[in-house]
Amino acid sequence: MKVSRAVAASLMALGAAIALAQSTQPQDEEFARLVKEWTTRPEFTSPLVDHLPKAAGVPSPKDVLGYYVGAPKKLTYTADIYRYYRALAAASKRVRVLPAGRTDEGREQIVVAIGDEDTIRDLDTYKGYLARLADPRGLDDDGAHRVIAQAKPIYFLMGGLHSSETGPPEMLMELAYRLAVDSSPLFEQIRRNVIVMIIATAEPDGRDRYVDWYYRYKTTQEAENDGIPGPPYWGKYIYHDNNRDINFSQVTMRNWLKFYLEWHPPIMHDLHESQPLLYTFSGQAPQNPTLDPILYAELPWFSNFEMSKMLGYGMPGVWDHAYVDMWSPGYLGFMSSNHNGMLRMYETFGNGGANTIKRNLDRGGEGGAAAPDAAGRGGGMTAREWYRPVPAPHQLLWSMRNNTNYMETGVLSALELTSNFSKTVLENFYKKSRNSIESGRNEAPFGYVLPAGQRDMTRVAFIVNILRLQGIEVGRATAAVKLKDGTFPAGSLVVKRDQPYGRLAKILLETQKYPDASLRTYDDAAWTMGLMSHADVREIGDKAILDVPVTPVNTLQIAGEVKGDGPVTAILENGANSLVTLVYRLKDVKFEAIEQPVTVGDADLPSGSLLAPSSARLKSEIEKLGLRAVALAAQPDVARHAVALPRLAVFSNWSGTQDVGWVRYALDHFEVNYDLIYKERIRQGGLKASYDVILIPSQGGRGGAKSLVFDIEPKGKPIAYDKTPQFKSLGIYGESPDITGGMGLPGVLELDKFVQQGGVLVTLGAASYFPPEFGLTRTVDAARPSSQFYAPGPIVEAEILRPSHPIFYGYTDKTIPIRYAGGPLLRVPQDDRRLVLMQYPGTEKSVLSGLFKGVAEIRGHPAIVDVPTGQGRVLLFATNPAYRWQNLGEFGMLANTILHWSSLPKPEAAAPAHQATGAGEQ
Ligand SMILES: [Zn+2]
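What comes next is a walk through the structure. Every chain begins its residue count from 1, and numbering advances along the sequence as written. In view of the model being predicted, local features appear only for residues whose pLDDT reaches at least 70, and side-chain atom pairs are presented and counted only at 80 or more, with totals across whole chains, interfaces and linings using the full set of residues. Derived side-chain values reflect all non-hydrogen atoms in the structure, with water molecules and hydrogen atoms excluded from consideration.

## Focus on the environment of Glu671
Right, so step 1: When you line up the elements, Glu671 lands in the loop between helix H21 (658-669) and strand E29 (675-677).
Right, so step 2: In this structure Glu671 comes out as partly exposed when scored by relative accessible area, which is 31%.
Right, so step 3: As a C-alpha pair, Glu671 and Asp270 span 401 residues in sequence and 34 Å in three-dimensional space.
Right, so step 4: Those residues in contact with Glu671, other than ones at most four positions away along the chain, are Thr581, Tyr584 and Arg585. Helix numbering and strand numbering both begin at the N terminus, where a helix is a DSSP run of H or I of at least 4 residues and a strand a DSSP run of E of at least 2. Three exposure classes are used, based on accessible area relative to the maximum for each residue type with a 1.4 Å probe and protein chains only: buried under 20%, partly exposed in between, and exposed over 50%. In what follows, a contact means two residues having at least one pair of non-hydrogen atoms within 4.5 Å.

As structure tokens, then:
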């Protein structure tokens, strides 16, 4: 015993000697002392991060901020983060700050580049090499190897995408400093062989709002479940879904994509916090089979290397399986994997701030579930598994510095691997890019055609412009296209697969065939753009598409037109979402909607077409909005009603503003005016005097309506969300002296009065539990599916039962694709079936894309119900017609509700003829 203890002691001394010998630089002794103090157990750190070199003239984070990274109760605002990086760049020729645009709220977005002095000086040269490898057309293997010999990979780090995950933006400052100044061999090698780029904070608006919130409410937090919620907003519209913005709707996220496509980093590494103690993504099943097989070897190569290094340092709780899979391409960092790079991802253990807190991993709660959840993720953190050879301890005191130590050690290990194998990384990047082009030449489908002449080309433009944003080449056919798959008119949009991002085009446009129904997935199982947009997108099996002559499309603009001459303009209802924009842009114009289709001369006017006095202004807006119209000599003889824009309110809870945010985004995009209201306005009453339509976007989740009504649990002390001189980022998008308590029963009564007095209440998705559960719709019930049911956002068919109802203006098919929203299983008694406007067939055949287990459970259930109540009505959508800026094909139903709220028909007396499908007792 004695001998071995002595041996151990001398080995430890030797280890310390080696660590010191690696660095001949003067060391910051205060750093070492404080970091040791803040690190709650000796095994929660590593020799890579327990010391900090000093470099004359180059500021450390403390020199600029006044505190060390990982200091208790210190979080840094973006302005100070940027101030640090700019000071570092000013002092070191190894560092450069690159602009990357501005956020919704006008904050800067910056990327920090670090490498050796020569590399940073010639950064544009290295950018050119990577661009060459990213698009290797015209480059043979020898040529590629000559480029690779000179090139260096960019390792692109991203922190702060999720605002409550506060550690990464702090850690990255310390990492940047080390990378700039540390003269030990490892750091010399990283600087020589790799260009490190850092997104200083990926969501700057949310960062500042969260830091405000932390300083206002959370610095006194001592227990892990303190009952203080997060701030009501991060970014302008959404929270976590900034990592689900597959169509890059959000300005900030779009800017990162533009930056990525300018620099082509072969590796992107997204730093999150939610799991103890460090989870490193290994790309588990289900995997998207269209992505390059090399990627699926690279991911565990990196994660296993990190695990081996960190286990070698004696750090417990590192694991790399049973969490996130490789199915959805919609996560922000997937911009890398989607473009032949490699997405890497961590979850470390955060406290939602910088307090040191006792955490219990055996209890439920954030990151602490003792057993994996239903999706097989998380949980079991204290159990040994093959992918977690040394689990985390059951209870632990956890600090921001521990979190920093874990992240930074992991990232430095990844940079060690990258610097050892920088040429392999580049070679793989080149091969993945080349393989993408070749797979488009050798494997069907060989491309996609979006035929010209579709009823509504604005939704075709929506798809084409997102493909273009993603760097995918789209061409316009110069003549009619004759293929085995069909003949398409000149002007059709053509996506050929033999291009660098041809694989991504396939992933976005194809029907998702989920590989193994026994596997759960972390997010959506389907996203097929044509189905989501209700646009015609044809998959092409004929290789001849690769030779179709096209002219390249930069941005697709659909020019609208007014045919003919006459005092009355009829704007065709072709399903274009911009029809609602037209009415909002010309509020002073009297529009009327025709209630039946009619033919005037050689013009067919579908029902819902708008009539208005002809004018130059009207014509000009029609042209700008891509609408089609005909000018008529006189009003057609057909039933019609006046279009009266409603006084519209959108209700949001204080706890769950995100699904509301997506609806707000869509309404803002289409220029629909509304008031965003909260419980305060509802409880105030007199709603009918202020509003005609109140829209409650999906809120409350499967838990039902109780959480919608009662929202954040009051804990005796009010929690204000308002702007103060100290906290300027709070109180935006609404304010409240106390965000807890919800509308409560008094609020329910006010909403009931609103409907009784003639208001139109519209509920979407999970919010449609509310009217049934609180009795606003007396005969409609809301049930939950069984525990076997699993529908992670598949696309299914829905059947329109009352095609003449105004909410279906612009829809011509009897069945339409719907993104299944997980709303309630609505039930109406047989006598009230006439209230059902749309229902789910619920057959296996009706699942159009993605995974749906238990589809029979929705058979015959209503997708939309229109319930007249008192003087008003409640319109329940079990669907969500404004989901994450994806299902643009469904948005028309919401737009029609808004345009035609005052002319919705009485329910039909008899049940509609084709209600049959499995209606049964529903
Ligand atoms: Zn996250």
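## A word on the packing of helix H8 (residues 167-181) against helix H9 (residues 185-193)
Right, so step 1: The N-to-C vectors of H8 and H9 enclose an angle of 90°; their axes lie 8 Å apart at closest approach. With respect to each other, H8 and H9 are oriented roughly perpendicular. Between H8 and H9, the contacting residues are Arg178, Leu179, Ala180 and Val181 on the first element and Phe187, Ile190 and Arg191 on the second.
Right, so step 2: Under the grouping applied here, Gly and all other residues not named as nonpolar or charged are polar, the nonpolar ones being Ala, Val, Leu, Ile, Met, Phe, Trp, Tyr, Cys and Pro and the charged ones Asp, Glu, Lys and Arg. When grouped by side-chain class, the residues that make up the contact of H8 with H9 number five nonpolar, no polar and two charged. Axes here refer to lines fitted to C-alpha atoms; in helices the fit is confined to the stretch in contact. Angles between the N-to-C directions go from 0 to 180 degrees. Here the word oblique covers every angle except those under 35 degrees (roughly parallel), over 145 (roughly antiparallel) and from 65 to 115 (roughly perpendicular).

## Looking at the pattern of salt bridges
Right, so step 1: Each reported salt bridge corresponds to a side-chain nitrogen of Lys or Arg within 4 Å of a carboxyl oxygen of Asp or Glu. In this structure the tally under the stated criterion is 50 salt bridges.
Right, so step 2: When the shortest N-O distance is used, the salt bridge between Arg401 and Glu174 registers 2.8 Å. Here the residue Arg401 occupies a position in helix H14 (residues 400-420), and Glu174 occupies one in helix H8, the gap between them amounting to 227 residues.
Right, so step 3: Given a relative accessible area of 0%, Arg401 falls into the buried group.
Right, so step 4: The residue Lys679 makes a salt bridge to Glu680 at a minimum N-O spacing of 3.6 Å.
Right, so step 5: The class of Glu680 is partly exposed, set by a relative accessible area of 27%.
Right, so step 6: A cluster of three or more residues bridged by salt bridges with shared partners is formed by Asp241, Arg244, Asp523, Asp524, Arg819 and Arg884.

## Considering the sheet that holds strand E26 (residues 628-632)
Right, so step 1: Taken together, six strands build an open sheet; the order of strands is E20-E26-E21-E25-E22-E27 and the sheet is mixed. Lying at the two open borders of the sheet, with one neighbouring strand each, are strand E20 (561-563) and strand E27 (640-642). Pairs of neighbouring strands in the sheet enclose a mean axial angle of 30°, with direction left out of account. Pairing between strands is defined by DSSP: at least two bridges between the two strands are required.

## Details of the coordination of the zinc ion
When four donors bind a metal tetrahedrally, each ideal donor-metal-donor angle is 109.5 degrees, and when six bind octahedrally, the ideal angles are 90 or 180 degrees.
Right, so step 1: Coordination shells were defined by N, O and S atoms within 2.8 Å of each metal, extended to 3.2 Å for Na, K and Ca; water is absent from the atom set, which can make sites look incomplete. Coordination of the zinc ion by the protein involves His162 (ND1), Glu165 (OE), Glu165 (OE) and His272 (ND1), with metal-donor separations of 2.1 to 2.3 Å.
Right, so step 2: A site with four donors is called tetrahedral when every donor-metal-donor angle falls between 85 and 135 degrees; four donors are called square planar, and six octahedral, when opposite donors sit more than 155 degrees apart and all other angles fall between 65 and 115; any other arrangement is irregular. Bound by four donor atoms, the zinc ion shows angles of 58 to 149° at the metal and therefore irregular coordination geometry.
Right, so step 3: In the primary structure, the donors to the zinc ion are separated according to the pattern H-x2-E-x106-H. One end of the pair, Glu165, is in the loop between strand E3 (154-159) and H8; the other, His272, is in strand E5 (residues 267-273), and 107 residues separate them in sequence.
Right, so step 4: Glu165 sits in the buried class, given a relative accessible area of 8%.

## Some words on the side chain of Glu273
Right, so step 1: Take Glu273: it is sitting in strand E5.
Right, so step 2: When charges are counted, Lys and Arg are positive and Asp and Glu negative, with His and the chain ends excluded. Of the side chains with opposite charge, Arg207 comes closest to the buried, unpaired Glu273, at an N-O distance of 7.4 Å.
Right, so step 3: Two N or O atoms form a polar contact when they lie within 3.5 Å of each other; inside protein one atom must be a possible hydrogen donor and the other a possible acceptor, and for residues adjacent in sequence the pair counts only when both atoms belong to side chains. A distance of 2.6 Å separates a polar side-chain atom of Glu273 from the backbone nitrogen of Gly167.
Right, so step 4: If near-sequence neighbours (up to four positions away) are discounted, Glu273 is found in contact with Ser164, Glu165, Thr166, Gly167, Pro168, Glu347, Thr348, Gly350, Asn403 and Met407.

## Concerning the packing of aromatic side chains
Right, so step 1: Centre distance within 6.5 Å is the pairing criterion for rings of Phe, Tyr and Trp, where only the six-membered ring of Trp is used; planes under 30 degrees apart are then read as stacked, over 60 as edge-to-face, and the remainder as tilted. Counted according to the given criterion, the structure contains 40 aromatic pairs.
Right, so step 2: Centroid distance Phe770 to Phe774: 5.8 Å. Interplanar angle 40°. Geometry classified as tilted.
Right, so step 3: Under the relative-accessibility criterion, Phe774 is labelled partly exposed at 23%.
Right, so step 4: Three or more aromatic residues joined by ring pairs form one cluster here, namely Tyr279, Trp319, Tyr323, Tyr331, Phe334, Trp386, Tyr387 and Tyr522.
Right, so step 5: Geometry around Trp319 places Arg388 over its ring, the cationic atom sitting 4.9 Å from the centre. Charge over a ring is defined by NZ of Lys or CZ of Arg lying within 6 Å of the ring centre and within 35 degrees of the ring normal.

## Considerations on the pairing of strand E1 (residues 95-102)
Right, so step 1: Where E1 meets strand E2 (residues 108-114), six bridges bridge the pair, whose relative direction is antiparallel. If you follow Val97 over to E2, its bridge partner there is Val112.
Right, so step 2: Where E1 folds back onto E2 in an antiparallel hairpin, the turn is made up of five residues, including Gly106, whose phi is positive at roughly 85°.

## Focus: the sheet that holds strand E18 (residues 538-540)
Right, so step 1: Pairing within the open sheet is antiparallel, and its five strands lie in the order E18-E13-E17-E14-E19. The open sheet terminates on both sides in strands that have one partner only, identified here as E18 and strand E19 (550-552). Averaged over all pairs of adjacent strands, the angle between their axes in this sheet comes to 30°, without regard to strand direction.

## Description of the side chain of Asn887
Right, so step 1: Note that Asn887 resides in the loop between strand E39 (872-877) and helix H27 (888-899).
Right, so step 2: A distance of 2.7 Å separates a polar side-chain atom of Asn887 from the backbone oxygen of Asn880.
Right, so step 3: Within polar-contact distance, the side chain of Asn887 engages the backbone nitrogen of Tyr883 at 2.9 Å.
Right, so step 4: Setting aside anything within four residues of it in sequence, one finds Asn887 in contact with Met532, Arg819, Asn880, Pro881 and Ala882.

## Comments concerning the nonpolar core
Generally speaking, soluble globular proteins have nonpolar side chains that are buried together.
Right, so step 1: In this structure, Tyr85 and Phe591 are the most contacted members of the largest nonpolar core, which totals 264 residues.
Right, so step 2: A total of nine residues in this core trace back to one element, the largest contributor, which is H8.
Right, so step 3: Beyond its immediate chain neighbours, meaning those up to four positions away, Phe591 contacts Ile571, Leu582, Val583, Leu586, Leu610, Leu611, Ala612, Leu618, His641, Ala642 and Val643.
Right, so step 4: Grouped together as the second largest cluster of nonpolar side chains are 13 residues, Trp213, Ile719, Phe727 and Leu730 included. Joining through side-chain atoms within 4.5 Å is the link that ties buried Ala, Val, Leu, Ile, Met, Phe, Trp, Tyr and Cys residues into a set, and such a set is a nonpolar core.

## Comments concerning the packing of H8 against H14
Right, so step 1: It is at 9 Å that the axes of H8 and H14 come closest, and there the two elements cross at 50°. Looking at the two axes, H8 sits oblique to H14. The handedness of the crossing between H8 and H14 comes out as right-handed. Mapping the contact onto sequence places Gly167, Pro168, Glu170, Met171, Glu174, Leu175, Arg178 and Leu179 in H8 and Met400, Arg401, Asn403, Thr404, Met407, Glu408, Val411, Leu412 and Leu415 in H14. Definitions for this section: a left-handed crossing has its near helix turned counterclockwise from the far helix by less than a right angle. A right-handed crossing has that turn clockwise.

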